[in-house]
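Close look at the chain arrangement
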Amino acid sequence: MRARLALIVSDRVCELREVVLRDKPKEMLEISPKGTVPVLIDIDGRVIDESMDIMLWALEKNDPEKWLIPEQDSLGEMQEMIAEFDQGFKYHLDRYKYPERYPGIDAEKHRNEGVLYLEKLKAKLTTTRYLFGNRLALADSAIAPFVRQFAHTDKDWFQAQSWQPLQRWLSEFIDSAIYTSAMKKYPKWESGNTPVFFP
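Scope of this entry: the structure provided in the associated data block. (Residues numbered from 1 in each chain as written. Predicted model: local features only at pLDDT ≥ 70, side-chain atom pairs only at ≥ 80, totals over all residues. Heavy atoms only, no water.)

1. Things to note about the overall build of the protein chain
Each helix and strand in the protein chain was counted, giving nine helices and four strands. Secondary structure elements of the protein chain occur, N-terminal to C-terminal, as α-β-α-β-β-α-α-α-α-α-α-α-β. Radius of gyration (C-alpha) of the protein chain: 18 Å, near the 16 Å computed for a compact globule of 199 residues. Burial statistics for the protein chain: of 199 residues in total, 43% are counted as buried. Of all intrachain contacts in the protein chain linking residues separated by at least 6 positions in sequence, the fraction that spans at least 24 positions is 66%. With 28 positive and 32 negative side-chain charges, the protein chain shows a spacing of 3 Å between the two charge centroids. (Helix = DSSP H or I, 4+ residues; strand = E, 2+ residues; numbered from the N terminus. Rg over C-alpha atoms; globule rule 2.2 N^0.38 Å. Buried < 20%, exposed > 50% of the residue type's maximum accessible area, 1.4 Å probe, protein only. Contact = heavy atoms within 4.5 Å. Lys, Arg positive; Asp, Glu negative; His and termini not counted. Charge placed at Lys NZ, Arg CZ, Asp CG, Glu CD.)

Shown next as structure tokens:
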């Protein structure tokens, strides 16, 4: 999702190979043995297999909406917030959303830990439309997909919270054209398939 958002906004066309993680193609594992998505191969053969690295790769080549230049604060401060969510919030999100994968854990406890991160977002969104000003930037597009997963785990509970600025921000993200484009489904890639180009 994050990689696709950056590819769309930077207008970086690539061949897309949709994979099913329970049936990983050998071609993918040969170039990225860790077996996670996304994986991008640059035209020079360089393999980039972290979503944030792909976002930066695309936006450093073309950033027409200035995602790397927030209205407030700096790129470094955005990256610090993103790292906090990648390392902390995502840990709790996974255990809240998929408790069956973690025997013995308390999903509600992890939901409550996740709430502490969401309160930080709400505080920022109380004074500005987006996380780093009144214009969409890298942090919004990197963090919103995780918040969406958290919200969709129990939609009624999420909507019942006193998080109007956060709920508005998330709804705007989900209703955006770029989100719709990034969420488009593609057929599973298999060797010999006709190439599919994205975006």
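Okay, back to it.
2. What to know about the packing of helix H5 (residues 107-125) against helix H6 (residues 138-153)
Where H5 contacts H6, the two axes come as close as 12 Å, and the packing angle between them is 135°. Considering the angle they form, H5 stands oblique to H6. Between H5 and H6 lies a crossing of left-handed hand. Residues Arg111, Gly114, Val115, Leu118 and Leu121 of H5 form the contact with H6, whose participating residues are Ile143, Val147 and Phe150. Looking at the contact of H5 with H6 residue by residue, the class counts come to six nonpolar, one polar and one charged. (Axes fitted to C-alpha atoms, helices over the stretch in contact; angles between N-to-C directions. Parallel < 35°, antiparallel > 145°, perpendicular 65-115°, else oblique. Left-handed = near helix turned anticlockwise from the far one by under 90°. Nonpolar A, V, L, I, M, F, W, Y, C, P; charged D, E, K, R; others polar.)

3. Looking at the side chain of Arg4
Secondary-structure assignment places Arg4 in helix H1 (residues 2-10). Leaving out residues up to four positions away in the same chain, Arg4 has contacts with Leu16, Glu18, Ala182, Lys184, Tyr186 and Phe198.

4. What about the nonpolar core?
With 55 residues, the main nonpolar core has Leu121, Leu138, Phe158 and Trp169 as its most contacted residues. Leaving out residues up to four positions away in the same chain, Trp169 has contacts with Leu121, Leu125, Arg129, Tyr130, Leu131, Asp140, Ile143, Ala144 and Val147. (Core = buried A, V, L, I, M, F, W, Y, C linked by side-chain atoms within 4.5 Å.)

5. Considering the packing of helix H4 (residues 75-97) against H6
Two numbers describe how H4 lies on H6: the axes approach to 9 Å, and their chain directions differ by 15°. Judged by the angle between their axes, H4 and H6 are roughly parallel. Note on packing geometry: the crossing formed by H4 with H6 is left-handed. Listed contacts from H6 to Leu75, Met78, Met81, Ile82, Phe85, Asp86, Phe89, Lys90, Leu93, Tyr96 and Lys97 of H4 are Leu138, Ala139, Ala142, Ile143, Phe146, Val147, Gln149, Phe150 and Thr153. Taken together, the residues that form the contact of H4 with H6 break down as 15 nonpolar, two polar and three charged.

6. Some thoughts on a nonpolar patch on the surface
A cluster of nonpolar side chains, namely Ile31, Ile41 and Val47, defines an oily patch on the protein surface of about 220 Å² accessible area. Residue position: Val47 is located in strand E3 (residues 47-48). (Patch = residues over 30% accessible without salt bridge, like charges linked within 9 Å, V, L, I, M, F, W, Y side chains within 5 Å. Areas by Shrake-Rupley, 256 points an atom, 1.4 Å probe, with all protein chains shown as cover. Salt bridge = Lys/Arg side-chain N within 4 Å of Asp/Glu carboxyl O.)

7. Some details on the packing of aromatic side chains
The final tally for this structure, using the stated rule, is 10 aromatic pairs. Taken together through their ring pairs, the aromatic side chains of Phe85, Phe89, Tyr96, Tyr117, Phe150, Trp157, Phe158 and Trp163 make up a single cluster. Taking the ring centre of Tyr98 as reference, the NZ or CZ of Arg101 above it sits at 3.7 Å. Residue placement shows Lys124 over the ring face of Phe132; its charged tip is 4.5 Å from the ring centre. (Phe/Tyr/Trp six-rings, centres within 6.5 Å; stacked < 30°, edge-to-face > 60°. Lys NZ or Arg CZ within 6 Å of the ring centre and 35° of its normal.)

8. Some details on H4
In an α-helix, one turn spans 3.6 residues, which is why side chains three or four residues apart end up on the same side. At Phe89, H4 shows its largest kink, close to 40°. Of the residues making up H4, those classed as buried are Met78, Met81, Ile82, Phe85, Gly88, Phe89, His92, Leu93, Asp94, Arg95 and Tyr96. Contacts made by the buried residues of H4 are with H1, helix H3 (51-61), H5, H6 and helix H7 (155-160). (Bend = angle between axes of the 7 residues up to and from the residue.)

9. Things to note about the pattern of salt bridges
Under the definition given, this model contains 14 salt bridges. Here Arg2 and Asp86 are joined by a salt bridge, their closest N and O atoms 2.9 Å apart. In this pair, Arg2 sits in helix H1 while Asp86 sits in helix H4, placing the two residues 84 residues apart along the sequence. The exposure class of Asp86 is partly exposed, given its relative accessible area of 26%. Overlapping salt bridges, with partners in common, bring together Asp23, Lys188 and Glu190 in one network.

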